[in-house]
Amino acid sequence: MHNVIGIRTLRRGVNESLVRVSRGETIVVARHGHPIAIIRPLAGDETGRRVSVTTFRRNLRRTLAVARRRSIVLTWYGDVAAVVAPVPPNLKLENEKESA
């Protein structure tokens, strides 16, 4: 089971979500019940476009659209806070139905 949150919940609780990620959790961001991005801790020497948490919160929709294609590294006062990454193709949420 994945920790799934909606965009509205993420917008209202970005800080709480990042605290959960800093503890090692992975969060799936869903829009209308479909996964659009994953927020997870940094894995090793991973690189990507660096965006501050403040900019991420202000431009949430646009940043998530970019994260659907490539990873974005979120920073907080210059330190890496988390990675917003594309959803793996094999990820299915419990409420999604298999297409025939």
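Residues numbered from 1 in each chain as written. Predicted model: local features only at pLDDT ≥ 70, side-chain atom pairs only at ≥ 80, totals over all residues. Heavy atoms only, no water.

**Some points on the side chain of Ser17**
No. 1: Within the secondary structure, Ser17 is located in helix H2 (residues 14-22).
No. 2: Beyond its immediate stretch of four places on either side in the chain, Ser17 contacts Ile5, Leu10 and Ile27. (Helix = DSSP H or I, 4+ residues; strand = E, 2+ residues; numbered from the N terminus. Contact = heavy atoms within 4.5 Å.)

**Here's the deal with unusual backbone geometry**
No. 1: Phi at His32 is positive, roughly 55°, even though this residue is not glycine.
No. 2: The residue His32 is located in the loop between strand S2 (27-31) and strand S3 (34-40) in this model.
No. 3: If you check the backbone angles, Tyr77 has positive phi at about 55° while not being a glycine.
No. 4: Within the secondary structure, Tyr77 is located in the loop between strand S5 (72-76) and strand S6 (79-85).
No. 5: Judged by relative accessible area, Tyr77 falls into the exposed class, the value being 74%. (Buried < 20%, exposed > 50% of the residue type's maximum accessible area, 1.4 Å probe, protein only.)

**A closer look at the packing of aromatic side chains**
No. 1: Per the counting criterion, the structure on display carries 1 aromatic pair.
No. 2: When the ring of Trp76 is compared with that of Tyr77, the centres are 5.1 Å apart and the planes differ by 80°; the resulting orientation is edge-to-face.
No. 3: The class for Trp76 is partly exposed, based on a relative accessible area of 40%. (Phe/Tyr/Trp six-rings, centres within 6.5 Å; stacked < 30°, edge-to-face > 60°.)

**A look at helix H4 (residues 60-67)**
No. 1: Three or more residues of H4 are buried, namely Leu60, Thr63, Leu64, Val66 and Ala67. Relative to the axis of H4, the buried residues are bounded by an arc of 155° and lie together on one face. Of the exposed residues in H4, the ones pointing more than 90 degrees away from its buried face are Arg61 and Arg62. (Arc of directions from axis to C-beta.)

**With respect to the sheet that holds strand S4 (residues 49-52)**
No. 1: Pairing is mixed in the open sheet, where 6 strands are placed in the order S1-S2-S3-S6-S5-S4. Strand pairing shows two members of the sheet lacking a second neighbour, strand S1 (3-6) and S4, which therefore form its edges. Each neighbouring strand pair of the sheet contributes to a mean axis angle of 30°, computed without reference to strand direction.
No. 2: As defined by bridge partners, S2 adjoins S3 across 5 bridges and the pair is classed as antiparallel. Across the sheet, Arg31 pairs through a bridge with His34, a residue of S3. (Pairing = 2+ DSSP bridges. Axes fitted to C-alpha atoms, helices over the stretch in contact; angles between N-to-C directions.)

**What about the environment of Arg40?**
No. 1: If you trace the backbone, Arg40 turns up in strand S3.
No. 2: Each C-alpha atom, one on Arg40 and one on Arg23, is 9.9 Å from the other, the two residues being 17 residues apart in sequence.
No. 3: Each residue touching Arg40, except ones within four places of it in the same chain, is listed here: Val21, Glu25, Thr26, Glu46, Ser71, Ala82, Val83 and Ala85.

Everything listed is a geometric property; what it means functionally is a separate question.
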